[in-house]
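Structural features, examined
Listed below are the residues making up each chain.
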Amino acid sequence: MTWTNELVDAHRRPLPHLFTVDPSLHWANPGGGVHGRDSRPTFTSTPAPYTGPVPLVTHLHGAHVTQESDGYPEAWTLPDAVGIPAHYATTGSWYDRYGLESEARYGVAWRPGSSVYRYSNDQRAAALWYHDHVLGMTRLNVQAGLAGMYLLRGGPTDLPHGVLPSGDAEIPMVVQDRCFNTDGSLFFPDSRTFFGDTTPGGPWLPASDVPPYWNPESFGNTMLVNGSAWPVWHASRKRYRLRLLNSCNARTLVLKIVADPLAKRPATAALPIWQIGSDGGFLPRAVELDQVLVAPAERADLILDFSKVPAGTTFYVVNEGPDVPYHGGVPDTDFVAADHWTSGQVMKIVVDHGPAHDPSVPPAQLYLPRVAGLGPARQSFTVSLNEADSSSFPGAPIVGALGSLNPDGTGAMEMWDDPVTVKPIAGAVGEWDLVNLTEDGHPIHLHQTQFQVVSRTAADGTVRGPEPWETGFKDTVIAYPGERTRLKARFDLPGRYVYHCHILDHEDNEMMRPLDVQP
């Protein structure tokens, strides 16, 4: 697969970004040159936003690949364009190394502005997705549209054709929240003032420690499904398979099918949703649900059954998750549900006339492929989830970070450039404890592997197992505040990979760490 950065105009001059790029973060920093790229610059005054060419690197989320094909955040490239200043770095600090590795391994040279990745597609059949992953700018590039679905089929962990709805009855469903200006162009915050936790207009660097343009989270007030705002889906009287992806930057979705989109939350479900799979393929058994919970980057393989629904019936897909980071609980009891008129509505469904006969197997009668356990762990890793607030504006976050635990149970924050502390042994099962010391739920993603959720332990010591929809393989999991989330994972490809929060605003500001899989 050749990924090419084509963000150029008709004369092959580089295009600037659609949104405001904060150059004060630890980021790709092409303007820093070869020696200053992939760094956190220091400034004696508040810098202007970066307006140069856009760096890109693609990560296939959920892929089982060798390191040079994973989309490492420092393996980016600028477009092969004219007019790029001579002092700019045109590639990230790991690009040349991985290009040489790829050429040696597969005999394919990387051309300027491009990367050639090899996807073996040897894992479980599943819905994967691809998106930009460049250091410090992922939130902006995904917000601008650089994301898509990748459906992997076949093999012993798939089902024979005809068992599940297929053809026009299988629908990839990418849900995103966005904001728009009055002229229809995309809006994204251009100042930290937008977040409302600092003095309007600053002061910023160096008078304070707050990044001037980065916002801790971003939530849109318009819900998009496959790029359409609040669409109407005309469905037939049959079963459908929805390959749902939450591609929001920060919003956790709590989706439900209801008769009245403005009903008090939590609303009564008007149609059950059957979940048959998650990030890493099929669950051990189909699960009947009133609602579907999907954090950013999570996928849900769903069956909707309209075969017995009268023609002309109208449903609505609503979102009962919050307009802030999700931390668990019941809508309008533990948190305020999304705005009923905007982010609380996702899609309208009109069940049209048509035959009620459906050759696919009813979800309650499905026999899904076996999910094998990973066995006992030989290694253990403890990862703390941390947040630091501003010394200038109390309560205003300036950075989130992963790390380890101090002996007293507090978090020891580790930044992107700190020495690697997580070193799985290839082929060995490792147990991961994610200890969330913040007030937010964080969707944590591990690269290269699919893991299994073991348990969650609350602050009072109460232990609960994985949710029914988490009993298969996953690559992203919600780590709830005040809890210890335990996973089992096995890596089998030596090399450099990453683990991070998939709230993209957090990932872009230090809540991401490299890991080295040992031979």
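This text gives an overview of the structure that appears in the document. In this text, all values refer to a predicted model and were calculated from it rather than measured experimentally.

Here we come to the overall build of the protein. Regarding its fold elements, the protein presents four helices and 29 strands. Taking 24 Å as the expected radius of gyration for a compact globule of 519 residues, we find that the protein reaches 23 Å, a close match to that expectation. For the protein, the spread of C-alpha atoms along the principal axes amounts to about 65 × 60 × 50 Å. Burial analysis of the protein (519 residues in total) assigns 59% to the buried set. Long-range contacts, defined here as pairs at least 24 residues apart, represent 75% of the contacts in the protein between residues at least 6 apart. Within the protein, the 57 negative side-chain charges are centred at a point lying 7 Å from the centre of the 38 positive side-chain charges.

Relative to the helices and strands, T313 is located in the loop between strand 16 (299-305) and strand 17 (314-319). Distance in space between the C-alpha atoms of T313 and V351 is 5.3 Å, their sequence separation being 38 residues. Polar contacts involving the side chain of T313 include one to the main-chain carbonyl oxygen of P310, which spans 2.6 Å.

What follows is about the pairing of strand 26 (residues 476-479). Residues T476 and I478 of strand 26 are buried on one face, and the alternating residues V477 and A479, pointing to the opposite face, are buried as well. As judged from the four bridges shared by strand 23 (residues 442-446) and strand 26, these two strands associate in the antiparallel manner. The partner of I444 across the bridge, within strand 26, is V477.

Moving on: the side chain of H445. Looking at where H445 falls in the secondary structure, it is placed in strand 23. For H445, the side chain forms a polar contact with the side chain of H59, separated by 3.3 Å. In this structure H445 touches H59, H61, G62, D475, T476, V498, Y499, H500 and H502, once residues within four positions along its chain are discounted.

The relative placement of two aromatic rings is captured by the distance of their centres and the angle of their planes. Tallied over the full model, the rule gives 22 aromatic pairs. Here Y72 and W94 contribute two aromatic rings whose centre-to-centre distance is 5.0 Å and whose plane-to-plane angle is 55°, an arrangement assigned as tilted. Separated by 22 residues along the polypeptide, Y72 in the loop between strand 2 (58-61) and helix 2 (95-106) and W94 in the loop between strand 2 and helix 2 bring together distant segments of the chain. No difference in accessibility class separates Y72 from W94, as the two residues are buried. Geometrically, the ring pair formed by F187 and F194 is tilted, given 5.4 Å between the ring centres and 50° between the ring planes. An aromatic cluster is present here, built from Y95, W110, Y117, Y119 and Y150 joined pairwise through their rings.

This brings us to unusual backbone geometry. A cis geometry characterises the amide bond from G202 onward to P203, with omega recorded as 15°. Its location among the elements puts P203 in the loop between strand 7 (186-187) and strand 8 (222-225). We note that D38 has phi near 50°; this positive angle belongs to a residue other than glycine. With a phi angle near 45°, W230 is a residue other than glycine that sits in the positive phi range.

We now examine the pattern of salt bridges. For the structure shown, the criterion picks out 29 salt bridges. As a salt-bridge pair, E414 and R513 come within 3.2 Å of each other at their nearest N and O atoms. Pair noted here: E414 is in strand 21 (residues 411-414) and R513 is in strand 29 (residues 512-517), with a separation of 99 residues, a long-range link. Residue classification places E414 among the buried positions, given a relative accessible area of 10%. In the salt-bridge network here, residues are joined through shared partners; they are R153, E170, R241, R243 and D301.

Across the sheet, four strands lie side by side as 26-23-28-29; this open sheet has antiparallel pairing. Among the strands making up the open sheet, the edge pair consists of strand 26 and strand 29. Averaged over all pairs of adjacent strands, the angle between their axes in this sheet comes to 25°, without regard to strand direction. Pairing analysis gives six bridges linking strand 28 (residues 495-501) to strand 29, with the strands arranged antiparallel. Its bridge partner lying in strand 29, H500 is registered against M512.

Rules used in this analysis
- Residues numbered from 1 in each chain as written.
- Predicted model: local features only at pLDDT ≥ 70, side-chain atom pairs only at ≥ 80, totals over all residues.
- Heavy atoms only, no water.
- Helix = DSSP H or I, 4+ residues; strand = E, 2+ residues; numbered from the N terminus.
- Rg over C-alpha atoms; globule rule 2.2 N^0.38 Å.
- Buried < 20%, exposed > 50% of the residue type's maximum accessible area, 1.4 Å probe, protein only.
- Contact = heavy atoms within 4.5 Å.
- Lys, Arg positive; Asp, Glu negative; His and termini not counted.
- Charge placed at Lys NZ, Arg CZ, Asp CG, Glu CD.
- Polar contact = N/O pair within 3.5 Å; in protein donor to acceptor, adjacent residues only side chain to side chain.
- Pairing = 2+ DSSP bridges.
- Phe/Tyr/Trp six-rings, centres within 6.5 Å; stacked < 30°, edge-to-face > 60°.
- Salt bridge = Lys/Arg side-chain N within 4 Å of Asp/Glu carboxyl O.
- Axes fitted to C-alpha atoms, helices over the stretch in contact; angles between N-to-C directions.

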